[in-house]
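Close look at the chain arrangement
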Amino acid sequence: MAHPKLDENSPIPLHVQLKNILSEQIMERQYTDKIPSERELMDQFSTSRATVRAAISSLVKEGILVKKPGKGTFVSIKPVQEWLGKLSSFTETVRNMKMTPRFKLIRQGKSSTPPFIASLLEEETFYYIDRLLFANNIPVAVEKQYYSLTIGQKLAQYDLSTATFYDILENDIGVILSEADQSISAGSATKEEGELLGVSEGSSVLRIERLIKDPEGKPIEYLMGCFRADMYSLRVKMARRQR
């Protein structure tokens, strides 16, 4: 297999080109553990040590790689990282990681079951949208989103395989997303989830449930997400209160 090359004539700096190549290779699972040494990368791409180090440093800062003194540089267990405390869409999270988001619509429609969702949304009948979420063409999560019929039918007028729901809700439909209650737990992939995510049935997953409300406390969206535990992590910054 031919290796990609750096373009000396490109306006994109060499270290950025190399960073992008390595990032794509990691997301395509060409590297799942340790990446080649600096010398090996220098030889492979016919470039300087400074270029290699700058590319690796950028990937370390983005959380895609981690350096282990005396051992080498390794792929982070969870390439996609979401910071808690801010209500962000999957699209925003993935783009913040310098990756490309993509969606695949699985199913959509009206329903009144399960009853607890109707109760949460304060609606007898609601609208559901199930999608498979990708980062750099790697399946990362399955999300099930539930809305009132009014909101759901408005969303259904868009191309749900490309739509960023929060942008549509806020900019087109005029809904204000104010706050959310979210829970995170460990779980195991079902047979369908495993097939969609490209993992074995029973593999470890993160399960996220989130209820978003508007400023008046009216429920807007209930989300149930199944995320690959090897591809997604949740981070939070904490500070100890000073006495």
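Notes on the structure in this doc start here. (Residues numbered from 1 in each chain as written. Predicted model: local features only at pLDDT ≥ 70, side-chain atom pairs only at ≥ 80, totals over all residues. Heavy atoms only, no water.)

Okay, unusual backbone geometry next. Omega for the bond connecting T113 with P114 falls within 30 degrees of zero, at 0°, which places this linkage in the cis form. Despite not being glycine, S46 shows a phi value in the positive range, around 50°. Mapped onto the secondary structure, S46 falls in the loop between α2 (38-45) and α3 (49-61). The class of S46 is exposed, set by a relative accessible area of 63%. Backbone geometry at E122 places phi at a positive 60°, although glycine is not the residue there. Tracing the sequence through the fold places E122 in the loop between α5 (115-121) and β5 (126-135). (Helix = DSSP H or I, 4+ residues; strand = E, 2+ residues; numbered from the N terminus. Buried < 20%, exposed > 50% of the residue type's maximum accessible area, 1.4 Å probe, protein only.)

In this section: the packing of aromatic side chains. Evaluated as defined, the whole model comprises 6 aromatic pairs. Considering the side-chain rings of F126 and Y146, the 5.6 Å spacing of their centres and the 80° angle between planes classify their relative orientation as edge-to-face. Placement of the pair is F126 in strand β5 and Y146 in strand β6 (residues 138-148), with a sequence separation of 20 residues. Each member of the pair F126 and Y146 is classed as buried. Between F227 and Y232, the ring centres sit 4.5 Å apart and the planes meet at 45°, which makes this aromatic pair tilted. Across the pair, exposure class does not vary: F227 and Y232 are buried alike. The ring of F134 carries R102 above its face, with NZ or CZ at 4.0 Å from the centroid. (Phe/Tyr/Trp six-rings, centres within 6.5 Å; stacked < 30°, edge-to-face > 60°. Lys NZ or Arg CZ within 6 Å of the ring centre and 35° of its normal.)

Taken together, the side chains of E92, D167, E170 and D172 define an acidic patch exposed on the protein surface. For the negative patch, the element with the most residues is helix α7 (residues 165-173), which contributes 3 residues. Within the secondary structure, E92 is located in helix α4 (residues 90-96). (Patch = residues over 30% accessible without salt bridge, like charges linked within 9 Å, V, L, I, M, F, W, Y side chains within 5 Å. Areas by Shrake-Rupley, 256 points an atom, 1.4 Å probe, with all protein chains shown as cover. Salt bridge = Lys/Arg side-chain N within 4 Å of Asp/Glu carboxyl O. Lys, Arg positive; Asp, Glu negative; His and termini not counted. Charge placed at Lys NZ, Arg CZ, Asp CG, Glu CD.)

Time to look at the pairing of β5. Burial analysis of β5 places 10 of its 10 residues in the buried class, the great majority of the element. Residues F126, Y128, D130, L132 and F134 line one face of β5 and the alternating positions Y127, I129, R131, L133 and A135 line the opposite face, and both faces are buried. One ladder, built from 10 bridges, connects strand β4 (residues 101-111) with β5; its direction is antiparallel. Each bridged residue has a counterpart across the sheet, and for K110 the counterpart in β5 is Y127. Pairing between β5 and β6: 10 bridges, direction antiparallel. Each bridged residue has a counterpart across the sheet, and for F134 the counterpart in β6 is P139. (Pairing = 2+ DSSP bridges.)

Moving on: empty space enclosed by the protein. Throughout the structure, instances matching the rule amount to 3 cavities of 30 Å³ or more. Estimates place the volume of the largest cavity at around 110 Å³. Lining the largest cavity we find 14 residues, and of these S89, F90, R131, E143 and Q145 sit closest to its centre. When contributions to the lining of the largest cavity are tallied by element, the ones reaching two or more residues are α4, β5, β6 and α7. Broken down by class, the residue content of the lining of the largest cavity amounts to 7 nonpolar, 4 polar and 3 charged. Size it by volume and the second largest cavity reaches roughly 70 Å³. Looking at the second largest cavity, the residues that line it are E82, S88, S89, F90, T93, E143, I208, R210, L223, F227 and Y232. Looking at the lining of the second largest cavity, the elements that each hand over two or more residues are α4, β8 (204-213) and β9 (219-228). Across the lining of the second largest cavity, the residue classes break down as 5 nonpolar, 3 polar and 3 charged. (1 Å grid on protein atoms, 1.4 Å probe; cavity = no way out; pocket = protein on both sides within 12 Å on 5 of 7 lines; lining within 4 Å. Points joined across faces, edges and corners; volume = space filled by probe spheres on them. Nonpolar A, V, L, I, M, F, W, Y, C, P; charged D, E, K, R; others polar.)

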